[in-house]
Structure formats: C-alpha cells, structure tokens
Amino acid sequence: MTQDLLKRYGGAVPRYTSYPTAPHFSDAVTETDYRDRLSHLPSGEPVSLYLHVPYCDTLCWFCGCHTKITRVYKPVQSYVDTAIAELRLLADAAGNRLKLGHLHWGGGSPTLMRPEEILRLAEATKGVLPHAPDFEFAVEIDPRETGPDRIAALAESGLTRASIGIQDFDPEVQKAINRMQSYEETARTVQDLRRFGVHALNLDLMYGLPYQTQERTLETIRTALWLRPGRVALFGYAHVPWMKTHMRMIPEEALPGPEERLETAEAAAELLVSAGYRRIGLDHFALPEDSLSVAQDNGTLRRNFQGYTTDQADTLLAVGASGIGRLPDMFVQNEPSLQTYARQVSGGILPIAKGVVLSADDRLRAAVIERLMCDFAVDLNMLIASHGASADCLADADGMLSRMEDDGLLTRSHGKLTLTTDGRPYVRQVAACFDSYFRGGAARHSSAV
Ligand code: SF4
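Everything numeric in this text was worked out from a predicted model, so none of it was measured.

1. Quick look at the overall build of the protein
When you go through the protein residue by residue, the secondary structure sums to 15 helices and 19 strands. In terms of overall size, the protein behaves like a compact globule, its C-alpha atoms giving a radius of gyration of 21 Å where 449 residues would be expected to give roughly 22 Å. Reported as C-alpha extents along the three principal axes, the dimensions of the protein are approximately 60 × 50 × 40 Å. The proportion of buried residues among the 449 residues of the protein is 56%. For the protein, long-range pairs separated by at least 24 residues make up 72% of all intrachain contacts whose partners lie at least 6 apart in sequence. Looking at the protein as shown, the accessible area adds up to about 18600 Å², and 52% of this sits on carbon and sulfur atoms. With 46 positive and 57 negative side-chain charges, the protein shows a separation of 3 Å between the mean positions of the two kinds.

2. A few points about the sheet that holds strand 17 (residues 377-379)
Across a sheet, strands are paired by hydrogen bonds formed along the backbone, either parallel or antiparallel in direction. The antiparallel open sheet is built from 3 strands, whose spatial order is 17-19-18. Each of the sheet's edge strands pairs with one partner strand only, and the pair in question is strand 17 and strand 18 (410-413). Each strand axis lies, on average, 10 degrees off the axis of its neighbour in the sheet, ignoring direction. Bridge count for strand 18 against strand 19 (residues 416-419) is 4 bridges, and the pairing is antiparallel. Looking across to strand 19, one finds that Thr-411 is bridged to Thr-418. In the packing of helix 12 (residues 360-375) onto the sheet, contacts are made with strand 17 and strand 19, and the angle to strand 17 comes to roughly 140 degrees.

3. Brief notes about the layout of surface pockets
By volume, the second largest pocket is sized at about 520 Å³. Examining the composition of the lining of the second largest pocket, we find that 7 residues originate from one element, helix 12, more than from any other. Looking at the lining of the second largest pocket residue by residue, the class counts come to 12 nonpolar, 4 polar and 7 charged. Counting contributing residues, the lining of the second largest pocket receives three or more from each of domain 1 (1-12 + 359-449) and domain 2 (13-319).

4. What to know about helix 8 (residues 214-225)
Taking 1.5 Å of rise per residue, 12 residues should cover 16 Å, and helix 8 covers 17 Å from first to last C-alpha, within 8% of that figure. Listing the buried residues of helix 8 in full gives Thr-217, Leu-218, Thr-220, Ile-221, Thr-223, Ala-224 and Leu-225. The secondary structure elements touched by the buried residues of helix 8 are strand 6 (161-167), helix 7 (183-195), strand 7 (200-207), strand 8 (231-236) and helix 9 (258-274).

5. As for empty space enclosed by the protein
For the structure shown, the criterion picks out 2 cavities of 30 Å³ or more. Roughly 50 Å³ of internal volume is contained in the largest cavity. Taken together, Ser-48, Arg-302, Arg-303, Asn-304, Thr-309, Asp-311, Ala-313, Thr-315, Leu-316, Arg-326 and Glu-370 form the lining of the largest cavity. The class makeup of the residues in the lining of the largest cavity is 2 nonpolar, 4 polar and 5 charged.

6. Brief notes about the UniProt feature "binding site: S-adenosyl-L-methionine 2" (unreviewed entry) in the protein
In the numbering used here, UniProt assigns the feature "binding site: S-adenosyl-L-methionine 2" (unreviewed entry) to Phe-62, Cys-63, Gly-64, Gln-167, Arg-179, Asp-204 and Ala-238. One can find Gly-64 in the loop between strand 2 (55-56) and strand 3 (68-69). Apart from the residues within four sequence positions on either side, Gly-64 is in contact with Lys-244 and Met-247. For Ala-238, the location among the structural elements is in the loop between strand 8 and helix 9.

7. Description of the domain arrangement of the protein
Taken domain by domain, the protein holds domain 1 (1-12 + 359-449) and domain 2 (13-319). Domain 1 and domain 2 are separated by 26 Å when their C-alpha centres are compared. Listed by partner, the interface residues are 33 residues for domain 1 and 25 residues for domain 2. Taken together, the links from domain 1 to domain 2 amount to 1 salt bridge. A salt bridge links Arg-302 to Glu-370; the shortest N-O distance between them is 2.8 Å. Where domain 1 meets domain 2, there are 10 residue pairs in polar contact (both at pLDDT 80 or more). Only helix 1 (2-9), helix 12 and helix 15 (427-432) provide two or more residues apiece to the side of domain 1 that touches domain 2. Ranked by residue count, the leading element in the side of domain 1 that touches domain 2 is helix 12, at 8 residues.

8. Regarding the nonpolar core
Across soluble globular proteins, nonpolar side chains have a tendency to be buried as a group. Counting residues in hydrophobic clusters, the biggest one holds 80 residues, and the most contacted among them are Tyr-34 and Trp-105. Examining the composition of this core, we find that 10 residues originate from one element, helix 3 (residues 74-93), more than from any other. For Trp-105, the contacting residues outside a window of four places in its chain are Leu-51, Pro-110, Met-113, Ile-118, Leu-121, Ala-122, Phe-137, Ala-138, Val-139, Glu-140 and Leu-154.

9. Examining the packing of aromatic side chains
Evaluated as defined, the whole model comprises 10 aromatic pairs. Between Tyr-79 and Tyr-341, the ring centres sit 5.8 Å apart and the planes meet at 35 degrees, which makes this aromatic pair tilted. Pair noted here: Tyr-79 is in helix 3 and Tyr-341 is in helix 11 (residues 338-346), with a separation of 262 residues, a long-range link. Relative accessible area serves as the criterion here: at 5%, Tyr-79 is assigned to the buried category. A residue is classified by how much of its surface remains accessible, and Tyr-341, at 1% relative accessible area, is buried. The ring of Tyr-73 has Arg-114 lying over it, and the distance from NZ or CZ to the ring centre is 3.9 Å. Above the plane of the ring of Tyr-308 lies Arg-303, whose end atom (NZ or CZ) is 4.7 Å from the centre.

Cut-offs used in this document
Residues numbered from 1 in each chain as written. Predicted model: local features only at pLDDT ≥ 70, side-chain atom pairs only at ≥ 80, totals over all residues. Heavy atoms only, no water. Helix = DSSP H or I, 4+ residues; strand = E, 2+ residues; numbered from the N terminus. Rg over C-alpha atoms; globule rule 2.2 N^0.38 Å. Buried < 20%, exposed > 50% of the residue type's maximum accessible area, 1.4 Å probe, protein only. Contact = heavy atoms within 4.5 Å. Areas by Shrake-Rupley, 256 points an atom, 1.4 Å probe, with all protein chains shown as cover. Lys, Arg positive; Asp, Glu negative; His and termini not counted. Charge placed at Lys NZ, Arg CZ, Asp CG, Glu CD. Pairing = 2+ DSSP bridges. Axes fitted to C-alpha atoms, helices over the stretch in contact; angles between N-to-C directions. 1 Å grid on protein atoms, 1.4 Å probe; cavity = no way out; pocket = protein on both sides within 12 Å on 5 of 7 lines; lining within 4 Å. Points joined across faces, edges and corners; volume = space filled by probe spheres on them. Nonpolar A, V, L, I, M, F, W, Y, C, P; charged D, E, K, R; others polar. Domains from an automatic or database assignment. Expected span 1.5 Å × (residues − 1). UniProt positions renumbered as here; feature names shortened; annotations may be inferred. Salt bridge = Lys/Arg side-chain N within 4 Å of Asp/Glu carboxyl O. Polar contact = N/O pair within 3.5 Å; in protein donor to acceptor, adjacent residues only side chain to side chain. Core = buried A, V, L, I, M, F, W, Y, C linked by side-chain atoms within 4.5 Å. Phe/Tyr/Trp six-rings, centres within 6.5 Å; stacked < 30°, edge-to-face > 60°. Lys NZ or Arg CZ within 6 Å of the ring centre and 35° of its normal.

Structure follows, in structure tokens:
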C-alpha cells in the first residue's frame, strides 16, 4: 500500500510556503507597482518584517537557502549599512506611519553579525518602524557562532524567540553534510538564551539526510528533547542538486529512500507526541501551551516563508538580498545579487527583482492551500462563498481529488475536504490539485514525501 501510494503520489511538488510559489514570480511587477501599494497600506494594523542576512562562514551541503560564504567580516558590516538604507526607503514609501508587530531575522546566518551590528540594525529598525504592543522578534541562531555577547545584544534588542539550527547530532551524518556541531555547544547556547530571558525556543531538525537511519534520527530527537524546547521543526531534506550545485557533495547513495523517509518521519512524530508535543501541520511540533498549538486549536494557524506561524499580519515586508515580501494582493522578491541589491538601494531604488500580483482566483486558491497545509482540511464551500467566487471555480481539481479519494487519501462531504491519516504525508500533493500554475511540474521541486 505504502509503496503504491509513493509511486502514485511521491512525485515532485512545491512546499507551498506561498501561492503562487516563487518560481512563478516574474519581472512584470515593477517598483512603481510596489511603491503604490506601500503608500496605501492601512496604518492601523501592525506589519511584519523579514530581514535576510545572506552570509555564512561555512556552507552546509544540505543548504537550500540563499547565502554566500565569507571568511572576512567587512562585507557583513557593509550589508548591514545597505539593509538599514533599504529599511528607510521602505518606511518612507509607506509614509512613515507603519508599526512593527513581528520581526524575523533569517538567512544565511544572522548570528554571524557581531554585537555592534546586531544593536545597530535593531535600533535602526525600531527608529523607522516603531514596535506595536506585543512586538515579537525571532532570530535564526547558529550555536556554532553564537556566544553570550551576541545573545546579550539580541536580548537587549528585544529578542523574544530563538530558532536554533541543529539538523542531526550524529557525527557521521554531520560529516556528510559539512556541519559539525556538538550537543554541548547547542546546550550552552540554549542555557545562555534562557539566562538572558529568552524562553521561547524552536529547535530545527532534519530527516532524509545522508547516513541517517531511523534509529539515528530518533536518537537525535531524544537528545534534542533534553533541552525541552517549546517547538520542534522536523524538515524533510530536499535534494535538488540541479538547483543547488553544492548538494552534489552529498553522497546520493547514502540518502534514505522514499519509504524509509516516510517511516522515519512517522516514527519521529510518534516519539515527539509521546514526549508531550502536538503535531502541527506537516512538519512542526509544539507543546500544548505553546502559541502554535493554541493557534491550531482555534483555526488561526498560518503558513508563510518561514513555515508555520501565529503571525496574522496581511503585510510582510522583506529587507535584504533575495528577501520575499507579501502585501495583501502582491508578492515581491528582492534582487538576489548582492552587488545589484546594494547598487539599487544606494541609488534610492526599492530593489525588487520580481513578483506577482494576485488575481481573485489566486487569492482563493492561496486560502484553500493554506488551510490544507495548516489544518489538513478545508471547507471549500465556505471559502468560495467568502471570496465571492462561482460555485464551480475549483472544478479543475475534481478529477485528481476523486482519484485521491478512491486511494483513501481524503474524504469529501458537503464541500468539506479532509485528509485521512494515510493522506497526511501527501498534503502537498493534495494542495497541488488546486495550483493552477503547477501542471506537471513546469518548475522542478523536491519529492512530495
Ligand atoms: S548555516 Fe544555515 S544558511 Fe548557512 S549554510 Fe548552513 S544551513 Fe545554509
């Protein structure tokens, strides 16, 4: 049964951290379009901000992020200057009247920044986007480079949540992915964060890595749980060496096959559940008192470029090379080239490279896909009605959904679609039925499981 399902539904599909997905952004969206929308953003609602730091000091072979390796610090300092200049351009374009509800620093490695840059960047952000009440500030933390001085600077800047990269503690796996990181240094970082008052912690782990067995993955999880984080993310490694050439360093023969991946993900989920965590969406786990669990219970869980979130803002501004932002009816992505990005910002240009304006149909399909990815269920009739669309507007998904229903992946009743337990691992494949840009994989994605 598992093998049959994998054969039928294990093909390449998007991860749906947005809809339409990034490969469908185009250069038809201009800076003028973006400025026009920024100037009309409502001033009452807090916005969110994602700031991308595209530098690391070593490259992990599994990395799917936009980053550049640097052994010298000067480019990081100059990059912070440019990011601050971009922030000012953005705030000006929005009439200097926005408030910031959520701030997320990701990368790359934001913790490559020294304390002086951390403080300078946080201060400048607050200067142009004053904090809303209940301001939240999350940062992706690499324990290999994050000592107490950096954590003190982050805490002074208002850090409320730390997302700590681990992936796997097994030395053979670590060697094969070029990321050597001991439990002790990770535990020290966790201790320092708690000492500085940062108690909301996520640990990021991965399955599907080379030389990982089910037992090794479970051992990593048991070790990670000694740190008792509020949240654990367990991402499936996406092997796409045709897009990220450094992934060719990963020995393909040592990668677990689809069936093993599926079994490992399931065994890992059972272990986390038995340790008191709740399953959240496709790949997250949270303690019952964590805000992610609460959001799941009350139906307000959201999905964005950082994964599952409680952030309800309709506007996510992005700063930094390759950063992706979302406005109520538009996605925009910044220039990925560091040189072009810096040149445009210094010329007073908002450095967007591409994007997409969402049609009414895109917005409906985005809502359907987001509910599926968050809840494994969606009330199609309710969403169609709330979007003012015609009753048959999603009929193109019917053929594929019927096949999935026959295969026991989902049930449909009175317009409500619900994934079965067997169907949950294939949620991306179900979401793809509603994706009118994805017809047979125009862009190449990772496998569904
Ligand atoms: S630290 Fe993170 S962003 Fe940097 S190379 Fe490793 S996985 Fe990629």
